[in-house]
Amino acid sequence: MFLRNLFGCLLLTVALNATAAEFQVDQKDKQFSVSHLKIKAGDTVNFVNTDPFFHNVFSLSDARTFDLGSYPQGQGRTITFNDPGAVEVECAIHSQMKLVIEVTK
């Protein structure tokens, strides 16, 4: 019985992880590589800084509030989006950098 329950839990975990995807959004020339991104709940986005200066990616949106902090060229920060909704993403250092992530069920 224990092994059957353990096996069932492992299958469920694999099934849940198999449906999640990871996306990459680059920061280059003081812009995000896309201005709109559509993902599903549970997906992650990796924000990679390819500029020769720092960026600070954040959102104050109800669907997902976060602040990835400042980080230099060559580094990335990943965040998971669990709840559906529109997430407006900006850079605290470069105000022209804007991105909308649409998270669906």
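In this text the structure is predicted, and so the values were computed from the model without any measurement.

Asker: How should the pairing of strand S4 (residues 43-49) be read in this particular structure?
Answerer: A regular strand places its side chains so that they alternate between the two faces of the sheet. Most of S4 is tucked away, with seven of its seven residues classed as buried. Of the two faces of S4, the one lined by Asp43, Val45, Phe47 and Asn49 and the one lined by Thr44, Asn46 and Val48 are each fully buried. By the bridge criterion, six bridges tie strand S1 (residues 22-28) to S4 in an arrangement that is parallel. Paired with Asp26 across the strands is Val48, a residue of S4. Note that S4 and strand S7 (residues 76-81) share six bridges and pair antiparallel. For Phe47, the partnering residue across the bridge sits in S7 and is Arg77.

Asker: Where do I start with the sheet that holds S4 in this structure?
Answerer: Each strand in a sheet pairs with another by means of backbone hydrogen bonds, the pair being arranged parallel or else antiparallel. Spatially, S2-S1-S4-S7 is the arrangement adopted by the four strands of the open sheet, whose pairing is mixed. Two strands lie at the open edges of the sheet, namely strand S2 (31-32) and S7, each paired on one side alone.

Asker: Would you mind showing me how to read the packing of aromatic side chains here?
Answerer: The geometry of two aromatic rings is summed up by the distance between their centres and the angle between their planes. Across all of its chains, the model carries three aromatic pairs by this definition. With a centroid separation of 6.2 Å and an interplanar angle of 65°, the aromatic rings of Phe32 and Phe47 are classed as edge-to-face. Residue Phe32 is located in strand S2, and its partner Phe47 is located in strand S4; the two are separated by 15 residues in the primary sequence. Per residue, the accessibility class of Phe32 equals that of Phe47, and both read buried. Lying over the aromatic face of Phe53, Lys30 brings its terminal NZ or CZ to 5.4 Å of the ring centre.

Asker: Even after reading the chapter, I still don't get the nonpolar core, so can you show me in this structure?
Answerer: For soluble globular proteins, the rule of thumb is that nonpolar side chains tend to be buried together. Membership of the largest hydrophobic core comes to 20 residues, with the highest contact counts inside it found for Phe47, Phe81, Val89 and Ile101. At the level of secondary structure, the elements contributing two or more residues to this core comprise strand S3 (36-40), S4, strand S6 (65-71), S7, strand S8 (85-91) and strand S9 (98-104). Look past the residues within four positions of Phe81 in its chain and what remains in contact with it is Ile39, Lys40, Ala41, Gly42, Asp43, Val45, Arg64, Phe66, Val87, Ile101 and Val103.

Asker: Any chance you could explain the sheet that holds S6 here in plain terms?
Answerer: Judged by pairing direction, the sheet is mixed, and its five strands sit side by side in the order S3-S9-S8-S5-S6 without closing on themselves. Sheet topology places S3 and S6 at the edges, where each strand pairs with a single neighbour. Geometrically, the sheet is characterised by an average inter-axis angle of 20° between neighbouring strands, direction not taken into account. Here strand S5 (residues 55-60) runs beside S8; their pairing, made up of two bridges, is antiparallel. Bridging from a neighbouring strand, Phe58 pairs with Glu90 of S8.

Rules used in this analysis
Residues numbered from 1 in each chain as written. Predicted model: local features only at pLDDT ≥ 70, side-chain atom pairs only at ≥ 80, totals over all residues. Heavy atoms only, no water. Buried < 20%, exposed > 50% of the residue type's maximum accessible area, 1.4 Å probe, protein only. Helix = DSSP H or I, 4+ residues; strand = E, 2+ residues; numbered from the N terminus. Pairing = 2+ DSSP bridges. Phe/Tyr/Trp six-rings, centres within 6.5 Å; stacked < 30°, edge-to-face > 60°. Lys NZ or Arg CZ within 6 Å of the ring centre and 35° of its normal. Core = buried A, V, L, I, M, F, W, Y, C linked by side-chain atoms within 4.5 Å. Contact = heavy atoms within 4.5 Å. Axes fitted to C-alpha atoms, helices over the stretch in contact; angles between N-to-C directions.

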